[in-house]
Amino acid sequence: MRARIGDHVHTHGVTSSDGQHTGEIVEVRGAEDGPPYLVRFPDGEERLIYPGPNTVVEPRRPVD
């Protein structure tokens, strides 16, 4: 998995009440754009994540 700052991650796990979280990648700490990623969630919380097999990366949209 590769991601860049500004991309969004969608996790599907058991860490939230509905089993899903979406956040913005604010830092890439792995080699060659790989994990772990520091992710900021809408409530302002930041967590270091190692994406699981059900994690989807949505590339940031280009600025027009």
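Everything below is about the structure printed above this text.
Keep in mind that what you see is a predicted model, and the values were worked out from it rather than measured.

J.: Break down the nonpolar core for me, citing the residues and quoting the values.
T.: Counting residues in hydrophobic clusters, the biggest one holds seven residues: A3, V9, I25, Y37, V39, F41 and I49. Apart from residues no more than four positions distant in its own chain, A3 is found in contact with I25, V28, D33, Y37 and V57.

J.: I'd love a proper account of unusual backbone geometry, names of residues and values included.
T.: Here the bond from P35 into P36 is cis, since omega is 10°, no more than 30 degrees from zero. Mapped onto the fold, P36 is located in the loop between β2 (20–28) and β3 (37–40). Its identity as a non-glycine residue notwithstanding, E32 has a phi of 50°, on the positive side. For E32, the location among the structural elements is in the loop between β2 and β3. Its relative accessible area of 62% is what places E32 among the exposed residues.

J.: Describe the pattern of salt bridges, naming the residues involved and giving the relevant values.
T.: Scanning the entire structure with this criterion turns up five salt bridges. Residue R4 pairs with D33 through a salt bridge whose shortest N-O separation is 3.9 Å. One end of the pair, R4, is in the segment before β1 (8–12); the other, D33, is in the loop between β2 and β3, with 29 residues separating them in the sequence. Close ionic contact of R40 with E46 constitutes a salt bridge, the shortest N to O distance being 2.6 Å.

Conventions we followed
- Every residue gets a number counted from 1 within its own chain, in the order that chain's sequence is written.
- Only residues with pLDDT of 70 or above have their local features reported here, since the model is predicted, and side-chain atom pairs are shown and tallied only from 80 upward, although totals for entire chains, interfaces and linings are computed over all residues.
- Hydrogens and water are ignored here; the side-chain numbers use all heavy atoms of the structure.
- Think of a nonpolar core as a cluster: buried Ala, Val, Leu, Ile, Met, Phe, Trp, Tyr and Cys residues, connected wherever their side-chain atoms sit within 4.5 Å.
- Note on exposure labels: buried denotes an accessible area under 20% of the residue type's maximum, exposed denotes more than 50%, and partly exposed covers the range between, all computed with a 1.4 Å probe on protein chains only.
- In this analysis, two residues are considered to be in contact whenever any of their non-hydrogen atoms come within 4.5 Å of each other.
- Only DSSP runs of H or I covering at least 4 residues are called helices, and only runs of E covering at least 2 are called strands; the numbering of each starts at the N terminus.
- By salt bridge we mean one thing: a side-chain nitrogen of Lys or Arg within 4 Å of a carboxyl oxygen of Asp or Glu.

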